[in-house]
Amino acid sequence: MEKTEAQFSSHPLPLDKDGFIPLYYQIQQALIEKIQAGELLVGDCLPSEYELARSYQVSRMTARQALHNLKSRGYALSQKGRGTYVTRPKLEKNIMHLRGFTEDMKRRGMMPSSRLLEQNILLATGALPEQLRVEEGSAILQLRRLRIADGTPMALEDSHIPLQHYPGLERTDFSSESLYKVLRDKYGVRAAWADEVLEASPATREESELLSIPKNAIMLSISRVIMTTAEIPIEVACSRYCGNRYRASIRVPTTTIE
Ligand code: 16G
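All figures in this text were calculated on a predicted structure; none of them were measured in a lab. (Residues numbered from 1 in each chain as written. Predicted model: local features only at pLDDT ≥ 70, side-chain atom pairs only at ≥ 80, totals over all residues. Heavy atoms only, no water.)

Colleague: Explanation requested: the site of the ligand in the structure shown.
Modeller: Around the ligand, the surrounding shell holds 17 residues, and the nearest of these are Thr102, Glu157, Ser178, Leu179 and Glu235. Here threonine 102 contributes a side-chain N or O atom positioned 2.4 Å from an oxygen atom of the ligand. Within the contact set of the ligand, an oxygen atom lies 2.3 Å away from a side-chain nitrogen or oxygen of glutamate 157. Burial of the ligand by the protein amounts to 99% of the accessible area it has alone, namely 460 Å². At the level of elements, helix H5 (101-107), strand S5 (139-149), strand S6 (152-162), helix H7 (179-187), strand S8 (218-228) and strand S9 (233-242) are the ones that each hand at least two residues to the shell around the ligand. For the shell around the ligand, the element with the most residues is S9, which contributes four residues. Broken down by class, the residue content of the shell around the ligand amounts to six nonpolar, five polar and six charged. (Near = heavy atom within 4 Å. Polar contact = N/O pair within 3.5 Å; in protein donor to acceptor, adjacent residues only side chain to side chain. Areas by Shrake-Rupley, 256 points an atom, 1.4 Å probe, with all protein chains shown as cover. Helix = DSSP H or I, 4+ residues; strand = E, 2+ residues; numbered from the N terminus. Nonpolar A, V, L, I, M, F, W, Y, C, P; charged D, E, K, R; others polar.)

Here's what the structure looks like:
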């Protein structure tokens, strides 16, 4: 059952009003702790700005800042007519890692799965021969998968893999197998580096239906060509992540400022 705002008005923990920690931050942390402790569940309503201000005895601006921060950290969403409610925190995708989806989700303690939308053999045309360093017309395995974690659709992925380097790969059942695991275990392939492009764009109608998000919701799109240490292209891929479930992070290596 959804919690109502009324449940927050009663005796919140007092704020430290004389210390150095800003009040909005203390409120934000108190709410995050409730979410992390499972006292507030995904879908539960959060108190309104007015309600928060009243129960913590702070200004509405302070309450607004606390709610704003919760939303930008992916803990909450506001919707007209529904107010502000708890959402699953965004997954942080470290774009410097070349992990596959299955491994990435397992490391987070989540259960990965896939819905295989397409698995075909195509002939390389357009930009593919150059990107995959194969002859025009050579055989390419094309995969389109809906990637799911703990039952929630997370991303839509299109992959193109040159079959001349990985013969027989097309016989794998990618509704259950991990592409990178098969490449590693069966072909001894390890990813070494990748060229990636990140882009934001609205979800198409098909994407919004598959990912259960509003039409035009913002998607984080990562296109990449991933290579082996021997400079052989493994995959040309485009992963489209739900903007409200993912954010990208990176550690910028030591650089010289010119
Ligand atoms: C990641 C890759 C994707 C690859 C998939 C393999 C990015 C942006 N995308 O999602 O290109 O096809 O992993 O996952 O990192 P799998 O091993 O679970 O099949």
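Text resumes after the structure shown.
Colleague: Can you help me understand the domain arrangement of the protein in this one?
Modeller: It is common to give the size of an interface as the accessible area lost on bringing the parts into contact. Partitioning the protein into structural domains gives domain 1 (5-86) and domain 2 (91-254). Averaged C-alpha coordinates put domain 1 and domain 2 at centres separated by 37 Å. (Domains from an automatic or database assignment.)

Colleague: Whenever I open this one, the UniProt feature "domain: HTH gntR-type" (unreviewed entry) in the protein confuses me. Can you help?
Modeller: Under the UniProt annotation, "domain: HTH gntR-type" (unreviewed entry) lies at residues 21-89. Annotated as 51% helix and 12% strand, the span residues 21-89 places its first and last C-alpha atoms 23 Å apart. (UniProt positions renumbered as here; feature names shortened; annotations may be inferred.)

Colleague: Just to check I follow, could you spell out the sheet that holds strand S4 (residues 112-123) for this structure?
Modeller: Across a sheet, strands are paired by hydrogen bonds formed along the backbone, either parallel or antiparallel in direction. Ordered in space as S4-S5-S6-S9-S8-S7, the six strands form an open sheet in which the pairing is antiparallel. Unpaired on one side and paired on the other, S4 and strand S7 (191-202) mark the two borders of the sheet. The mean inter-strand angle of the sheet, taken between neighbouring strand axes irrespective of direction, is 15 degrees. For S8 and S9, the ladder comprises nine bridges, and the chain directions are antiparallel. Looking at the pairing, serine 223 lines up with cysteine 238 of S9. Strand contacts of H7: S5, S6, S8 and S9, with the helix running at about 160 degrees to S9, the strand carrying the most contacts. (Pairing = 2+ DSSP bridges. Axes fitted to C-alpha atoms, helices over the stretch in contact; angles between N-to-C directions. Contact = heavy atoms within 4.5 Å.)

Colleague: Is there a simple way to explain helix H2 (residues 23-36) in this structure?
Modeller: Each α-helix winds once per 3.6 residues, and so residues spaced three or four apart point in a common direction. For H2, built from 14 residues, the straight-helix expectation of 20 Å at 1.5 Å per residue is met to within 8% by its first-to-last C-alpha distance of 20 Å. Residues of H2 that are buried include every one of Gln26, Ile27, Gln28, Leu31, Ile32 and Ile35, and no others. Count one or two residues on from H2 and you reach glycine 38, which has phi positive near 80 degrees. (Expected span 1.5 Å × (residues − 1). Buried < 20%, exposed > 50% of the residue type's maximum accessible area, 1.4 Å probe, protein only.)

Colleague: How should I be thinking about unusual backbone geometry in this particular structure?
Modeller: Positioned with a positive phi, arginine 133 is a non-glycine residue whose angle comes to about 55 degrees. If you trace the backbone, arginine 133 turns up in the loop between helix H6 (128-132) and S5. Taking relative accessible area as the criterion, arginine 133 reaches 48% and is therefore assigned partly exposed. Non-glycine residue aspartate 150 carries a positive phi angle of around 50 degrees.

Colleague: Got a minute to help me understand the nonpolar core in this structure?
Modeller: Generally speaking, a soluble globular protein has its nonpolar side chains buried in company with each other. Membership of the largest hydrophobic core comes to 18 residues, with the highest contact counts inside it found for Ile27, Leu31, Leu46, Leu52, Tyr56, Val58 and Leu70. Counting only elements with at least two residues in this core, the list comes to H2, helix H3 (49-56) and helix H4 (60-72). (Core = buried A, V, L, I, M, F, W, Y, C linked by side-chain atoms within 4.5 Å.)

Colleague: Please explain H3 as it appears in this structure.
Modeller: Across the eight residues that make up H3, a large majority, six, are buried. Within H3 the residues assigned to the buried category are Glu49, Glu51, Leu52, Ala53, Ser55 and Tyr56. Just past H3, the residue glutamine 57 takes up positive phi, approximately 60 degrees.

Colleague: Explanation requested: the packing of aromatic side chains in the structure shown.
Modeller: The relative placement of two aromatic rings is captured by the distance of their centres and the angle of their planes. In this structure the tally under the stated criterion is two aromatic pairs. A centroid spacing of 5.8 Å and a plane angle of 85 degrees characterise the contact between tyrosine 166 and tyrosine 187, whose relative ring orientation is edge-to-face. Here the residue tyrosine 166 occupies a position in the loop between S6 and H7, and tyrosine 187 occupies one in helix H7, the gap between them amounting to 21 residues. Take tyrosine 166: its relative accessible area is 3%, and that puts it in the buried class. Both rings, one in tyrosine 241 and one in tyrosine 246, keep their centres 4.2 Å apart while their planes meet at 45 degrees; by these two values the pair is tilted. (Phe/Tyr/Trp six-rings, centres within 6.5 Å; stacked < 30°, edge-to-face > 60°.)

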